[in-house]
Amino acid sequence: AAAGAAGAAGGGWRCGRCADGAALRWCISGTLCASFLGLGMSIAVLGPTFPTLAANVGKNVSDIYYIFVGRSLGSLGGSVLGGVLLDCMNATLLLAFSMLGTAAGLYVIPWCNQSLLLTILMSVIGGSMGILDTGGNVLALYTWGSEAGPHLQALHFSFAAGAFLAPMVAQMDLGSSKSEELAGAEKTNQSVLKSVPTASAASTTPAPNDHRSESFLWSYIFIGTYILLVSIFFFVLFSKSSSAKDKSKASAQKDRLAKYHWPLVGLLFVFFLFYVGAEVTYGSYVYTHAMVFAEMKESEAAALNSVFWGAFAACRGAAIFGAAFLSPATMIVMSLLCSAASSVALAFFSHFRAALWVGSAVYGASMATIFPSGIAWIEQYTVVEGKTASLFVVGAALGEMCIPVAVGYLQGRYHHVPVVMYTAFVTSMVTALLFPAMYKLANWPQQRDSQEVSDRETRKTLLSNSRLTEDEEEEEHVREWNDADFEVVEMNDELKNSLMDTSHRIPGDSPAVQPHLDNALGDPPVVADGFPGRQNGSIDWEKSE
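All of these numbers come straight from a predicted model, not from anything done at the bench.

Participant: Help me understand the confidence of the model for the protein in this model?
Facilitator: Interpretation of this model should avoid reading the predicted coordinates in detail wherever pLDDT is low. Overall, the predicted model of the protein reaches an average pLDDT of 74, with 65% of residues at or above 70. Per-element mean pLDDT across the protein ranges from 38 in helix H8 (residues 199-203) up to 94 in helix H14 (residues 328-349). Long-range and interchain partners of residues 508-545, a stretch whose pLDDT sits below 50, account for 24 contacts in this model, where long-range means more than four residues apart.

Participant: What's the story with the environment of Leu106 in this structure? I'm lost.
Facilitator: Assignment of secondary structure puts Leu106 in helix H4 (residues 91-108). Put simply, Leu106 and Gly224 are 118 residues apart on the chain and 5.4 Å apart in space, counted from C-alpha to C-alpha. If we skip the residues at most four places from it in the chain, Leu106 touches Ser42, Ile125, Tyr220, Ile223, Gly224 and Ile227.

Participant: Any chance you could explain unusual backbone geometry here in plain terms?
Facilitator: At Glu295, a residue that is not glycine, the phi angle is positive and equals roughly 55°. With respect to the element layout, Glu295 can be found in the loop between helix H12 (261-292) and helix H13 (298-322). Given a relative accessible area of 65%, Glu295 falls into the exposed group.

Participant: It is not clear to me how the side chain of Thr143 should be interpreted in this structure. Could you clarify?
Facilitator: Looking at where Thr143 falls in the secondary structure, it is placed in helix H5 (residues 115-144). Judged by relative accessible area, Thr143 falls into the buried class, the value being 12%. If sequence neighbours within four positions are ignored, Thr143 has contacts with Arg25 and Ile28.

Participant: Whenever I open this one, H4 confuses me. Can you help?
Facilitator: An α-helix turns once every 3.6 residues. As a result, residues three or four positions apart point the same way. Spanning 18 residues, H4 covers 26 Å between terminal C-alpha atoms, matching the ideal 26 Å at 1.5 Å per step. Listed as buried for H4 are Ala91, Thr92, Leu93, Leu94, Leu95, Ala96, Ser98, Met99, Thr102, Ala103, Gly105 and Leu106.

Participant: Would you mind showing me how to read the nonpolar core here?
Facilitator: As a rule of thumb, nonpolar side chains are buried together in soluble globular proteins. Residues Phe234, Phe271, Phe272, Tyr282 and Trp377 are the most contacted members of the largest nonpolar core, which totals 102 residues. At 13 residues, the largest contribution of residues to this core is made by H5. Residues in contact with Phe234, not counting those within four places in the same chain, are Thr31, Leu32, Ser35, Thr92, Leu95, Ala96, Met99 and Leu139.

Participant: I keep staring at a nonpolar patch on the surface and nothing clicks. Help me out?
Facilitator: Judged by side-chain polarity, Val344, Phe348, Phe349, Phe352, Tyr409, Leu410, Tyr414, Val417 and Tyr422 come together as a nonpolar surface patch covering roughly 850 Å² of accessible area. Those elements giving two or more residues to the nonpolar patch turn out to be H14 and helix H17 (386-413). Of the residues forming the nonpolar patch, the biggest block, 3 residues, is contributed by H14. When you line up the elements, Tyr409 lands in helix H17.

Participant: It is not clear to me how the packing of helix H3 (residues 66-86) against H17 should be interpreted in this structure. Could you clarify?
Facilitator: A pair of packed helices can be characterised by two numbers: the angle between their axes and the separation between those axes. Put simply, H3 and H17 touch, their axes get as near as 7 Å, and they point 170° apart. Considering their axes alone, H3 and H17 lie roughly antiparallel with respect to each other. Packed against H3, whose contacting residues are Ser72, Leu76, Ser79, Val80, Gly83 and Leu86, the element H17 presents Gly386, Lys387, Ser390, Val393, Val394, Ala397, Leu398 and Met401 at the interface. Residues belonging to the contact of H3 with H17 are distributed by class as follows: 8 nonpolar, 5 polar and 1 charged.

Parameters and conventions
- Residues numbered from 1 in each chain as written.
- Predicted model: local features only at pLDDT ≥ 70, side-chain atom pairs only at ≥ 80, totals over all residues.
- Heavy atoms only, no water.
- pLDDT = per-residue confidence, 0-100.
- Helix = DSSP H or I, 4+ residues; strand = E, 2+ residues; numbered from the N terminus.
- Contact = heavy atoms within 4.5 Å.
- Buried < 20%, exposed > 50% of the residue type's maximum accessible area, 1.4 Å probe, protein only.
- Expected span 1.5 Å × (residues − 1).
- Core = buried A, V, L, I, M, F, W, Y, C linked by side-chain atoms within 4.5 Å.
- Patch = residues over 30% accessible without salt bridge, like charges linked within 9 Å, V, L, I, M, F, W, Y side chains within 5 Å.
- Areas by Shrake-Rupley, 256 points an atom, 1.4 Å probe, with all protein chains shown as cover.
- Salt bridge = Lys/Arg side-chain N within 4 Å of Asp/Glu carboxyl O.
- Axes fitted to C-alpha atoms, helices over the stretch in contact; angles between N-to-C directions.
- Parallel < 35°, antiparallel > 145°, perpendicular 65-115°, else oblique.
- Nonpolar A, V, L, I, M, F, W, Y, C, P; charged D, E, K, R; others polar.

Right under this line is the structure:
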């Protein structure tokens, strides 16, 4: 009874630990989603407040474009630095410090009146965001492992929701429809880190008045305070489980690296470069394309842009539940097929308004799940550490920086060519060809290894069967000898009974007969000299016969 009570107590303690571990994992996932919500707001708030920032430093809007370059370079450096630091320190602590740095930068920006200082602050904030983007994906993989798919989708949906809320936060203070339009044009990348403003949006924005200059700072203070609170939650999680990262990393290291780990990572790097570049390019230039090539009004072009990002955000929200039932590979294939079909419609039939509206919605929805699904997919085949995840973020950031710039340059030279739509078509074809190559590379060593394992098991089975056959033959041989022994024993018993009957018929029952009888039955008497069958003064049985 005491042992049963102790076992029940031990089982209850283990159940309590499992419940605590599950609650901790959900707390980490919730805090990560909250941090990515703040990340989206931090990036998107720059659009509506951009004119006021230019006025604070005494510059025109077109003269401070380099703050975006500074933020992008800071983001790239932060992604690389975050990948290195994630492999040597606790992930929750690293994210706590990155959120703290972002909050400090947001607090200082409204009072910055030097363009150089503003650029440095943007670079620091970009670095903190790069660390958060890399570390958030890695921590989600560390925490949930093979179950990370829905949580990664929730993570990136939170980013999109933050980018959607930021213009509203700024609008409460600025109260300007112009800034709202700028925010719609500025809300570009909702999968990685940064946003690229369009030249047309920047050049048409009027200079802010004094009321806006005084009030816009509350947007940064509000978002900075929110991010500060999230950083406190990360510090609390670090105090509760300081070794969570090390344990998760140790469990991840148990998995075997893919045979072609780095070629696979390189292909996914290029895949994300084209995917994110296409996403940002379309989101940045679809407004201009609608006005120039489709001859839409400004309100219609803005609505078309909203349809693209609305479908993008809605599909990311639906993907949280879809990832629980569909594998990452299935979600990627579905997204690539929809992307290819919609890009064909946009590239060759965009002069029809219906094709432009439907194609933009489908294209936005198809782009929503690729980035988180890609990270969840590669985690099934190899270990995703900090350095690996940083390469993915860097590839996405490079695509976001390079492809829109190239498209803008080409569109400026070839005014009558819809370069944006052709770019969507080409990038869709490239990604559609890259993923089968990655899938084949990821599975081919596994198929070969499974064949080798199957061959080894076959050889082992044959050897074990051979050993079993030899053992069965040996057992059969032993059984035959045992049967022979039993026959000998039976013959001895019959001989003994026959001799006993003969001895009873001999008169006198001579005592000398008994030793010779025992000798004949196989039980000879042992004498002093050690030789059986010989005794002093005895008569040989055969001679007496």
